[in-house]
Amino acid sequence: MTSFDAPTVIATKRDGGRLSDAAIDWVIDAYTHGCVADEQMSALLMAIFLRGMDPGETARWTTAMVASGPRLDFSGLRRGDAPLVTVDKHSTGGVGDKITLPLVAVIAACGGAVPQASGRGLGHTGGTLDKLDSIAGFTAALSNRQVTDQLRRVGAAIFAAGQLAPADAKLYALRDVTATVESLPLIASSVMSKKLAEGASALVLDVKIGSGAFMTSAAAGAELARTMVALGAAAGVRTRALLTDMNAPLGATAGNAVEVAEALEVLAGGGPADVVELTVALATEMLSLAGIEGRDPAQTLADGTAMDRFRALIAAQGGDLSVPLPIGACSETVTAPRGGTMGDIDAMAVGQTVWRLGAGRSRPGEQVQAGAGIRIHRRPGEPVAAGEPLFTLYTDTPERFGPALAALDGGWSVGDTAPPPRPLIIDRIEP
């Protein structure tokens, strides 16, 4: 058997070399089992960040992470005599991106099954599990048997990846604190390793583009989307991607509990128009890939069937929606300095603001504040009166307001004319 050592593997990539399949298999396995130290893997991640990986390296890195743990199999899933088709969605991360919450309920209401393995916050972007943790009693720690049973009964489960791609779980936390998040091969392999291990038969990717996304340009976003779609297709999973705008936050909230509250508004038939639009667009793509015809995703929001599925999902995972959602004990309001029209709101500025309020992490395993977040009272293009509230910031630790307000400063404006509208959905990528 060929032997490797961490310094040699690091040096190969540091010097612009190509990692062999055997080297990738070794370093992923060794890191998973604690034989490569965090500081060594941090160095390799930075070398990959700076030097990149070619398509073959990225594919092998992904395969090695899938192989680091078990892979779920839902091929025999049935409800009664009818087979249940599993289909999932993944977002590359955005600000105010609470789409998973209404989306899984919509698909379940339309007759699909969504095994949604989700993660914690990464960098300035929020994590679905952090949001759901703000619901009293909710647990994302489900066994494989519990996930299967819940898919059959409810049609959806949102759970921690657990033993799925355990190598990625370790790398995910390390990337968050070593400034190596924004790397195309690392993002693609991270996303696809979890999703391929998850066992869904179809997958729709929401690839964010803009100031608040890891991919700021359309070209980079399209390259990431094509890379992930190719990885999915090579593994036999029907995969499609939408490129969507992330220059402005999605919806009118960013944080944890505040985003859950907004998702409930959408499920009740209301909520911000952009959140509804993206939910319906992604649901349409998912139903198409799953071969489910004749169901209108928008109708499930209007008639309450999606809300019924969401309530059933939360209850199945121990959550109690009758308990009020937490909100930060302290608040600060930013008011309009003049009348006019709300200009663009920069997603990155809002994401950094929310992170500084305590909704995100600065080191692995750090506890986040469920009640930390921001409420956006005026969206781009809306009229503004002098002195009226534009943003309300929430935290349990008031010393955070100074850094948070500094992050928000310069990330918005009030002017005389409305900013030009941008399409929410930019492009669609298929194999």
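These figures come from a predicted structure and were not determined experimentally.

Reading the values: the criteria
Residues numbered from 1 in each chain as written. Predicted model: local features only at pLDDT ≥ 70, side-chain atom pairs only at ≥ 80, totals over all residues. Heavy atoms only, no water. Pairing = 2+ DSSP bridges. Helix = DSSP H or I, 4+ residues; strand = E, 2+ residues; numbered from the N terminus. Axes fitted to C-alpha atoms, helices over the stretch in contact; angles between N-to-C directions. Contact = heavy atoms within 4.5 Å. Core = buried A, V, L, I, M, F, W, Y, C linked by side-chain atoms within 4.5 Å. Buried < 20%, exposed > 50% of the residue type's maximum accessible area, 1.4 Å probe, protein only. Domains from an automatic or database assignment. Buried area = accessible area lost by both parts, 1.4 Å probe. Salt bridge = Lys/Arg side-chain N within 4 Å of Asp/Glu carboxyl O. Polar contact = N/O pair within 3.5 Å; in protein donor to acceptor, adjacent residues only side chain to side chain.

Draft legend 1. Molecular detail of the sheet that holds strand 6 (residues 202-209). Strand order across the open sheet formed by four strands is 3-6-7-15, with mixed pairing between neighbours. With one partner strand each, in any of the chains shown, strand 3 (87-91) and strand 15 (425-429) form the two edges of the open sheet. Averaged over all adjacent pairs, the angle separating strand axes in this sheet is 20 degrees, with direction ignored. Across four bridges, the pairing between strand 7 (residues 238-245) and strand 15 is antiparallel. The residue bridging L242 from the neighbouring strand is R428, located in strand 15. Packed on one face of the sheet, helix 9 (residues 184-198) meets strand 3 and strand 6 and runs near 165 degrees to strand 3. Most of the contacts of helix 10 (residues 218-234) go to strand 7, to which it runs at about 165 degrees, and overall it touches strand 6, strand 7 and strand 15.

Draft legend 2. Representation of the nonpolar core within the structure. Formed by 71 residues in total, the largest nonpolar core has its most connected members in F391, L393 and W412. When residues in this core are grouped by element, the largest group, 10 residues, is from helix 12 (residues 273-290). Sequence-distant contacts of L393, defined by excluding residues within four places in its chain, comprise C330, S331, E332, V334, T353, L357, G373, I374, F401, A404, L405 and L408. Judged by nonpolar contacts, the second largest core, of 38 residues, contains L84, L164, A225 and V237.

Draft legend 3. Structural context of the domain arrangement of the chain. Considered domain by domain, the chain is made up of domain 1 (6-52), domain 2 (78-317) and domain 3 (330-415). Once you take the C-alpha centre of each, domain 2 and domain 3 turn out to be 25 Å apart. Contact with domain 2, which involves 26 residues of that partner, is made by 23 residues of domain 3. At the boundary of domain 2 with domain 3, total buried surface from both sides reaches about 1800 Å², with 57% on carbon and sulfur atoms. Among the ionic pairs, D274 bridges to R379, the shortest N-O distance being 2.7 Å. Put simply, domain 2 and domain 3 have nine residue pairs in polar contact (both at pLDDT 80 or more) between them. A total of three residues in the side of domain 2 that touches domain 3 trace back to one element, the largest contributor, which is strand 8 (residues 253-255).

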